[in-house]
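Listed below are the residues making up each chain.
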Amino acid sequence: MPFTSKEVHLLERPQGLPTPAQFRIVATQVPDPQDGEFVVQNIYMSVDPAMRPRLAGQTELNAPMIGGTIGKVVQSRQADFKVGDFVTSLCGFREYFLANGKDKAQNVQKLDPDGMPLTAYMSVLGTTGLTAYGGLLETGALKDGERVFVSAAAGAVGSIAVQIAKLKGCYVIGSAGSDEKCAWLKNELGVDVAINYKTQELRKALKEAAPNSPGKKDGIDVYFENVGGDHLNAALPRMNFQGRIPVCGMISAYNNFGSISEPVTTLSNMIYNRLRMEGFVVYYFEHLRLQFLNDMKRWIKEGKIKYRETIVDGIEHAPHALIGLFKGENIGKMIVQLAKE
Ligand SMILES: NC(=O)c1ccc[n+]([C@@H]2O[C@H](COP(=O)([O-])OP(=O)(O)OC[C@H]3O[C@@H](n4cnc5c(N)ncnc54)[C@H](OP(=O)(O)O)[C@@H]3O)[C@@H](O)[C@H]2O)c1
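Keep in mind that this is a model prediction, so the values were computed, not measured.

Moving on, we get to the side chain of His-9. By secondary structure assignment, the location of His-9 is in strand 1 (residues 3–10). Within the structure, the side chain of His-9 is placed 2.8 Å from the side chain of Glu-7, a separation counted as a polar contact.

Right, here's the structure in full:
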């Protein structure tokens, strides 16, 4: 019996913040598997800020969108993928899909949960966690006891980055867009200073937390950049000598044409303080994956890393979840649940 699968299509390219009407939920039939094929039912799908810039061109119109998933094999004529196996894939924004396990674009890989919750592999033990780990430790070259600033600190990547920095004995400042998020950062994740950038004047608050006074190393050694624009502007003058800025993302720009950010006017500090600013993508850190998984699983078991997820129910709400990232509706990783585990 072929499965009926609902999938999300983009109808028109958004200008500014996308609206739900720019997406459509379409029902399709998934063919029964032939020899060498299997059908996957997606259980969870990831929504990520980077999907927004792709809506401007890379995302095909009137076709299923793509994104990370965790699912289960529900029909199979492929010996390597048995019914009941968990898999990860890039076939998001749809409930079911047909696979053969070899298609590079689908990137279907078996997943052994190893006693951890499935969703952890979409957040703290997945791309999110590896981004924070590699971005901070490799690109940011973080040293024990340094002074760190993380923007979008209560989000998926940010909330892991602040905790890794705390584990390394660092003084950590985080910015986030609500008092609830700031309270979580301070009270549960151990962040030293949490700045609500929507109610506080960011520049002033950051200057108080990291004055960067002459002759003292009381500024910021590593700024883990998730936001861009006014955040980068405020952080640059606060950077210590030879500080590093690993550029993970610039979410404040993603709804602008060409992802153009607010003007950054404080770049001279790059020279005064011999700063290094470097963009990275998580794929750079594949060589760290095993070490990352070992460290992260241990830290979670020891209670040293906590994580939260915001789980939105049903594929119909996937566009809302994506839009919600730009309104700060998530704490920790934004995930859409498509089926029961
Ligand atoms: N380089 C890579 O390979 C890589 C991989 C993953 C993610 N990223 C980047 O990392 C950043 C975080 O991604 P994530 O998946 O962890 O998402 P996330 O932080 O969980 O969600 C996005 C958060 O950004 C904040 N935000 C939205 N618009 C903002 C604005 N205009 N100014 C300031 N904050 C804003 C919101 O929180 P508030 O309530 O605090 O505003 C929102 O909850 C993004 O820039 C993303 O593109 C990069």
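From this point, the discussion proceeds with the structure in view.
A few words on the packing of aromatic side chains. According to the stated counting rule, one finds eight aromatic pairs in the structure shown. Pairing Tyr-133 with Trp-299 gives two aromatic rings, centres 6.2 Å apart and planes at 45°, and the pair type is tilted. Here Tyr-133, found in helix 2 (residues 127–139), pairs with Trp-299, found in helix 8 (residues 289–301); they are 166 residues apart in sequence, far enough to count as distant. There is no split in this pair, since Tyr-133 and Trp-299 are both buried. For the pair Phe-280 and Phe-285, a centre-to-centre distance of 5.3 Å together with 50° between the ring planes defines the contact as tilted. According to the relative accessible area criterion, Phe-280 is buried, its value standing at 8%.

Near the ligand, the surroundings consist of 26 residues, among which Ala-156, Lys-181, Tyr-197, Val-282 and Asn-330 are the closest. Between the ligand and Ala-156 there is a distance of 2.7 Å, counted from an oxygen atom to a backbone nitrogen or oxygen. One of the backbone N or O atoms of Phe-280 is found 2.9 Å from a nitrogen atom in the ligand. About the coverage of the ligand: the protein hides 89% of its 910 Å² of free accessible area. Of the residues assigned to the shell around the ligand, the class counts are 16 nonpolar, nine polar and one charged.

Within the element layout of this structure, Gly-140 appears in the loop between helix 2 and strand 8 (147–150). Its relative accessible area of 0% is what places Gly-140 among the buried residues. Considered as a pair, Gly-140 and Phe-224 are 84 residues apart in the sequence and their alpha carbons are 7.5 Å apart. Aside from chain neighbours lying at most four places away, what touches Gly-140 is Gly-135, Val-222, Arg-244 and Pro-246.

As a further point, take the nonpolar core. Formed by 49 residues in total, the largest nonpolar core has its most connected members in Leu-125, Leu-136, Val-148, Ile-164, Leu-185 and Met-296. At six residues, helix 3 (residues 156–167) tops the list of elements feeding residues into this core. In this view, Met-296 contacts Val-124, Leu-125, Ile-160, Ile-164 and Ile-305; residues no more than four positions away in its chain are not counted. Leu-10, Phe-23, Met-45 and Met-51 belong to the second-largest nonpolar core, a separate cluster that totals 21 residues.

Looking at the element boundaries, Gln-29 is found in strand 2 (residues 23–30). By relative accessible area, which is 53% here, Gln-29 ends up exposed. With 45 residues separating them along the chain, Gln-29 and Val-74 place their C-alpha atoms 15 Å apart. Those residues within four positions of Gln-29 in sequence are excluded, and the remaining contacts are Pro-2, Phe-3 and Thr-4. Within the structure, the side chain of Gln-29 is placed 2.9 Å from the side chain of Thr-4, a separation counted as a polar contact.

Before going further, it helps to examine the pattern of salt bridges. Applying the stated rule across the entire model yields 14 salt bridges. A salt bridge links Arg-289 to Glu-286; its shortest N-O distance comes to 2.7 Å. By relative accessible area, Arg-289 is classed as partly exposed at 29%.

Cut-offs used in this document
- Residues numbered from 1 in each chain as written.
- Predicted model: local features only at pLDDT ≥ 70, side-chain atom pairs only at ≥ 80, totals over all residues.
- Heavy atoms only, no water.
- Helix = DSSP H or I, 4+ residues; strand = E, 2+ residues; numbered from the N terminus.
- Polar contact = N/O pair within 3.5 Å; in protein donor to acceptor, adjacent residues only side chain to side chain.
- Phe/Tyr/Trp six-rings, centres within 6.5 Å; stacked < 30°, edge-to-face > 60°.
- Buried < 20%, exposed > 50% of the residue type's maximum accessible area, 1.4 Å probe, protein only.
- Near = heavy atom within 4 Å.
- Areas by Shrake-Rupley, 256 points an atom, 1.4 Å probe, with all protein chains shown as cover.
- Nonpolar A, V, L, I, M, F, W, Y, C, P; charged D, E, K, R; others polar.
- Contact = heavy atoms within 4.5 Å.
- Core = buried A, V, L, I, M, F, W, Y, C linked by side-chain atoms within 4.5 Å.
- Salt bridge = Lys/Arg side-chain N within 4 Å of Asp/Glu carboxyl O.

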